[in-house]
Amino acid sequence: MSASKTRVWIISLLLALFVFSGAQLGATDGVRSDHPQQYTVQRGDTLWDIAGRFLTRPWLWPEIWQVNPEIRNPHLIYPGDVISLVYVDGEPRLRLDRGEREVRLSPGIREEQLDEAISAIPLSAIRPFLNRSHVVGEDFFDNAPYIIAGEDERVMASAGDRIYIRRLAEDAPVDFAVVRKGNPYIDPDTGELLGIAATYVGDARLRRDGDPATGVVRSSNREVLPGDMLLETPPEAARMQFFPRAPEQEVEGRIIDVMDGVSQIGQFDVVVLNLGKEQGMQDGDVLAMFRAGREISDPVNRERVRLPEERAGELIIFRTFDKLSFGLVMRASRHTEVMDVVRNP
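Figured I'd write up the structure that's included with this text. (Residues numbered from 1 in each chain as written. Predicted model: local features only at pLDDT ≥ 70, side-chain atom pairs only at ≥ 80, totals over all residues. Heavy atoms only, no water.)

1. Re the nonpolar core
Ranked by size, the top nonpolar core spans 39 residues in total, and within it Ile126, Tyr185, Phe242, Phe318, Leu324, Phe326 and Leu328 carry the most contacts. Contributing elements (two or more residues each) for this core: helix H1 (47-54), strand E5 (82-88), strand E6 (91-97), helix H2 (123-130), strand E11 (193-208), strand E15 (270-273), strand E19 (310-320) and strand E20 (325-332). Counting 15 residues, the second-largest nonpolar core is a separate cluster that includes Val251, Val271, Met289 and Val329. (Core = buried A, V, L, I, M, F, W, Y, C linked by side-chain atoms within 4.5 Å. Buried < 20%, exposed > 50% of the residue type's maximum accessible area, 1.4 Å probe, protein only. Helix = DSSP H or I, 4+ residues; strand = E, 2+ residues; numbered from the N terminus.)

Have a look at this one:
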């Protein structure tokens, strides 16, 4: 029998790696009143989507997860599988039943189409910010290699063009990101400089050492200009799988910026928080957003009164720096703006 390819479209939830800290989920606490009895997993689903059909707090998924013992690998969920809500000793449990799917088996190598695997969150919303958004310290622009000119006296360079570089270290790597100085991130409460945005311009590769050294622009999303800096890019690949969980410690911070120039924050917007690794933030941490109450005039005594803050949704941290982090808004139940507060969910 000739070998044939076996394609398996998977949701790799890796539930065993989830970490959850918080109150135990009671018999009714956290379960949606309009939850379905069963749900058949569809291609294009995310972990957050599926959990949100059953739970008011989707990050509590692992707390009530139960897998049939006959399922050899419970950490892979496939389109066609059936998720059911059942009660065991009065406690809610989500149960997995393997659904029907067409899988052709034959001697040969097993192939998985991982490029269409379904993630815990929508990767399309964060992919541009995984490798192409950088935050650097204040001294970076005083010490980093920089472009002094392009070839043939061109003011601008693009993919394939030669560039000339100064301030390059002897042990410098071959590949760099080309960046341009962006806006500073200032802590609104302390006034501390948390970092400076290094706006991605393109990628470059070193061709010949020297002063100036010679390089070539490999790719660009805008014109490369003299004065642009070269940033050594980390060798490890950006994280592509996230495991939602409540933070392990009590945290409180603010939304200090929103990407792509929007003013009102909505679902799947990327925001910048004044919380980072120094505050214990990790990829996958879920935070609740709170909208500050507006200030009004008391109609009886004319005093100025600030109304209570209101919960406005949740976000998940997907990239951390020393003093700040990027988060993806997963749910926005009301209008949210820069300077609104984030806390444990």
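2. Quick word on the environment of Ala159
One can find Ala159 in the loop between strand E8 (146-150) and strand E9 (162-166). Take Ala159: its relative accessible area is 47%, and that puts it in the partly exposed class. Distance from Ala159 to Val216, taken between C-alpha atoms, is 7.8 Å for residues 57 residues apart in sequence. Beyond its immediate chain neighbours, meaning those up to four positions away, Ala159 contacts Val217, Arg218, Ser219 and Ser220. (Contact = heavy atoms within 4.5 Å.)

3. Structural notes on the environment of Arg207
Among the structural elements, Arg207 can be located in strand E11. Overall, Arg207 belongs to the exposed group, its relative accessible area being 59%. In this structure, the C-alpha to C-alpha distance between Arg207 and Asp175, residues 32 residues apart in sequence, is 9.7 Å. In this structure Arg207 touches Thr214, Gly215 and Val216, once residues within four positions along its chain are discounted.

4. A word on the sheet that holds strand E14 (residues 252-258)
An order of E14-E15-E20-E19-E16-E21 is seen for the six strands of this closed barrel, with the pairing classed as antiparallel. Averaged over all pairs of adjacent strands, the angle between strand axes in this sheet comes to 45°, irrespective of strand direction. (Pairing = 2+ DSSP bridges. Axes fitted to C-alpha atoms, helices over the stretch in contact; angles between N-to-C directions.)

5. Details of the pairing of E14
Of the strand pairs in this sheet, E14 and strand E21 (residues 341-343) are connected by three bridges, and their pairing is antiparallel. When the bridges of E21 are listed, Gly253 appears paired with Val342. Of the pairings in the sheet, the one linking E14 to E15 comprises three bridges and is antiparallel in character. Paired with Val258 across the bridge in E15 is Val271.

6. What about the packing of aromatic side chains?
The description of an aromatic ring pair uses the distance of the two centres, along with the angle that the planes make with each other. Under the criterion given, the structure shown has four aromatic pairs. Aromatic side chains Phe140 and Phe141 sit 5.0 Å apart centroid to centroid with 85° between the ring planes, which places their arrangement in the edge-to-face category. Each member of the pair, Phe140 as well as Phe141, is classed as buried. Taking 5.1 Å as the distance between ring centres and 65° as the angle between the ring planes, the aromatic pair formed by Phe321 and Phe326 counts as edge-to-face. Residue Phe321 shares its accessibility class with Phe326, and that shared class is buried. A network of ring pairs unites the aromatic residues Phe318, Phe321 and Phe326 as a single cluster. Its end group placed over the ring of Phe290, Arg343 keeps NZ or CZ at 5.0 Å from the ring centre. (Phe/Tyr/Trp six-rings, centres within 6.5 Å; stacked < 30°, edge-to-face > 60°. Lys NZ or Arg CZ within 6 Å of the ring centre and 35° of its normal.)

7. Digging into unusual backbone geometry
In this structure, Pro212 follows Asp211 across a cis peptide bond, with omega equal to 10°. In this fold, Pro212 is placed in the loop between E11 and strand E12 (213-220). The residue Phe268 is not glycine, and still its phi comes out positive at about 70°. Relative to the helices and strands, Phe268 resides in the loop between E14 and E15.

8. Side note on the pairing of E9
Within a regular strand, the side chains alternate between the two sheet faces. Where burial is concerned, the two faces of E9 differ: the one with Ile163 and Ile165 is buried and the one with Arg162, Tyr164 and Arg166 is not. Across four bridges, E8 lies against E9 in antiparallel orientation. Paired with Gly150 across the bridge in E9 is Ile163. Note that E9 and E12 share four bridges and pair antiparallel. In the sheet register, Tyr164 faces E12, and the bridge partner there is Thr214.

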